[in-house]
Amino acid sequence: MKRRTALAALASVPAAAVSLPAFAQSPTKIVFGYTAVTDFASVFVAAENGYFKKRLLDVELKFIPINSTIPAAVQADSLQIGGPTPSVYLQSVDGGLDHVVVAGAGVTSKTITGFGLVAKAGSGIRKAQDCVGKKIGVPGLGAFLHVTFRAWLKSQGVDYTKVNFVEASFPQHGDLLRGGSVDAVVSADPFMSRITDSGVGYVASYYSTFLPENQPTIIHVARRDWVAKNPSAARGFREAVQEAAAFMNQPKNDAAVRAAIGKYIKLPPEVIAKVQISPPMAVVTEKQLSYWVDLMKDQGMLKTVPDVARLIAK
């Protein structure tokens, strides 16, 4: 009797209800931290084109003024994934944070002249030797532009310890030059172009062209324990950025890419139309991280030598 009762009860349930899955998978929430540079373009494109959503990722993009603060925000879980420069990331690991690389962003190219040394008008700074004894603003102490600029100074025979570096976010660069608080800044477009267009400063060196090709300028990292708990979300994030990189590599999509950049770094179309966009590369390799380890060791920035194989999420 009990068996017949159970069968009767099951038969009374509507067919549509029986066919529903036991549960529906809800999107994984990710707060992603970025700074005001075009190297994040593949993330912006992925967000605008729905590449995250189709992988069940609810990604909220959050602007972070200073790149060097991103690892701390990831550690505190106010960001689940963030985009520090490689040097900022490796210093955070050296300091004890257990973060891993989820995906890549922009990479270096000798065709890119979108960042460089911008000197105050009338300063007389024209070459590396002229920087000795000067005060130079960088958008993050220990970040990409600071580390690579010091490497350039050394390659030119200049002792970079004789240069006074101060931290200043990109939007401050023009005002600091105008007010005479610094003699020069290591800046990037669109801020660099605004400075030169206004006559406040001039480009003393596109030093970036000395860098090797295809080295990451920004990498996307997360806590190791978060990746372990959310492996499909980490993989989905990387796949979305890969799809966005493929979209960016098609010239016909240039206008859409620039519109996405303009939306998230809050710049007008006429400014965005002029900026150079770093080539995207969604996957970071051990060889690329090793380049940065060697560069930072040469500048005495690391106490230990990390095992780069362990730093990349599989």
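Right above here is the structure, for reference.
Criteria and thresholds
Residues numbered from 1 in each chain as written. Predicted model: local features only at pLDDT ≥ 70, side-chain atom pairs only at ≥ 80, totals over all residues. Heavy atoms only, no water. Buried < 20%, exposed > 50% of the residue type's maximum accessible area, 1.4 Å probe, protein only. Helix = DSSP H or I, 4+ residues; strand = E, 2+ residues; numbered from the N terminus. Pairing = 2+ DSSP bridges. Right-handed = clockwise from strand over helix to strand, strands pointing away. Core = buried A, V, L, I, M, F, W, Y, C linked by side-chain atoms within 4.5 Å. Contact = heavy atoms within 4.5 Å. Phe/Tyr/Trp six-rings, centres within 6.5 Å; stacked < 30°, edge-to-face > 60°. Axes fitted to C-alpha atoms, helices over the stretch in contact; angles between N-to-C directions. Parallel < 35°, antiparallel > 145°, perpendicular 65-115°, else oblique. Nonpolar A, V, L, I, M, F, W, Y, C, P; charged D, E, K, R; others polar.

**Q** So what exactly am I meant to see when it comes to the pairing of strand 5 (residues 115–120) here?
**A** Strand residues, when the strand is regular, have side chains that alternate between the two faces of the sheet. Counting buried positions over the 6 residues of strand 5 gives 5, a clear majority of the element. The pairing of strand 5 with strand 8 (residues 184–188) spans 5 bridges and is antiparallel. Paired with valine 118 across the two strands is valine 185, which belongs to strand 8.

**Q** How should the pairing of strand 2 (residues 57–63) be read in this particular structure?
**A** With 7 bridges joining them, strand 1 (residues 28–34) and strand 2 adopt parallel strand pairing. Across the sheet, lysine 29 pairs through a bridge with aspartate 58, a residue of strand 2. For the crossover that starts at strand 1, traverses helix 3 (residues 41–48) and ends in the parallel strand 2, the hand is right-handed.

**Q** Is there a simple way to explain the nonpolar core in this structure?
**A** For soluble globular proteins, the rule of thumb is that nonpolar side chains tend to be buried together. In this structure, Phe149, Leu153 and Phe237 are the most contacted members of the largest nonpolar core, which totals 90 residues. Of the residues forming this core, the biggest block, 8 residues, is contributed by helix 10 (residues 231–248). Among all residues touching phenylalanine 237, those that are not within four sequence positions of it are Phe32, Val43, Phe52, Leu57, Ile81, Val102, Ala103 and His220.

**Q** In this structure, what is going on with the packing of aromatic side chains? I would like to understand it.
**A** The relation between two aromatic rings is expressed through the spacing of the ring centres and the mutual angle of the planes. Tallying each qualifying case throughout the model produces 18 aromatic pairs. Where phenylalanine 115 meets phenylalanine 144, the ring centres are 5.6 Å apart and the plane angle is 75 degrees; that geometry is what we call edge-to-face. Of this pair, phenylalanine 115 sits in strand 5 while phenylalanine 144 sits in helix 6 (residues 144–155), placing them 29 residues apart in sequence. The buried category is assigned to phenylalanine 115, whose relative accessible area is 12%. Seen in terms of ring centroids, phenylalanine 170 and phenylalanine 191 are 5.5 Å apart; in terms of plane orientation they differ by 10 degrees. Their pairing is stacked. With phenylalanine 170 in the loop between strand 7 (164–167) and helix 7 (173–179) and phenylalanine 191 in helix 8 (residues 191–198), this pair connects stretches of sequence that are 21 residues apart. Each of the two residues, phenylalanine 170 as well as phenylalanine 191, counts as buried.

**Q** For this particular structure, what's the right way to read the packing of helix 3 against helix 11 (residues 254–265)?
**A** For any two helices packed against each other, the geometry is given by the interaxial angle and the distance between the axes. Between helix 3 and helix 11, the shortest axis-to-axis distance is 9 Å and the interhelical angle comes to 100 degrees. Between helix 3 and helix 11, the angle falls in the class roughly perpendicular. Between helix 3 and helix 11, the residues in contact are Ala41, Phe44, Val45, Ala47 and Glu48 and Val257, Ala260, Ile261, Lys263, Tyr264 and Ile265, respectively. Broken down by class, the residue content of the contact of helix 3 with helix 11 amounts to 9 nonpolar, no polar and 2 charged.

**Q** Teacher, can you tell me more about the environment of threonine 38 here?
**A** Tracing the chain through its elements places threonine 38 in the loop between strand 1 and helix 3. Judged by relative accessible area, which is 6%, threonine 38 ranks as buried. When the C-alpha atoms of threonine 38 and valine 241 are compared, they prove to be 14 Å apart, with 203 residues separating the residues in sequence. In this structure threonine 38 touches Ile261, Val275, Gln276, Ile277 and Ser278, once residues within four positions along its chain are discounted.

**Q** Help me out: how do you make sense of unusual backbone geometry in this one?
**A** Glycine aside, negative phi is the norm for most residues, and most peptide bonds take the trans geometry. Residues aspartate 189 and proline 190 are joined by a peptide bond in cis, for which omega reads 5 degrees. In this structure, proline 190 sits in the loop between strand 8 and helix 8. A positive phi is found at leucine 56, a non-glycine position, where the angle reads about 60 degrees. Relative to the elements of secondary structure, leucine 56 occurs in the loop between helix 3 and strand 2. Despite not being glycine, aspartate 77 has its phi angle at roughly 70 degrees, a positive value. Within the secondary structure layout, aspartate 77 lies in the loop between helix 4 (70–75) and strand 3 (81–82). When its relative accessible area of 40% is taken as the criterion, aspartate 77 is described as partly exposed.

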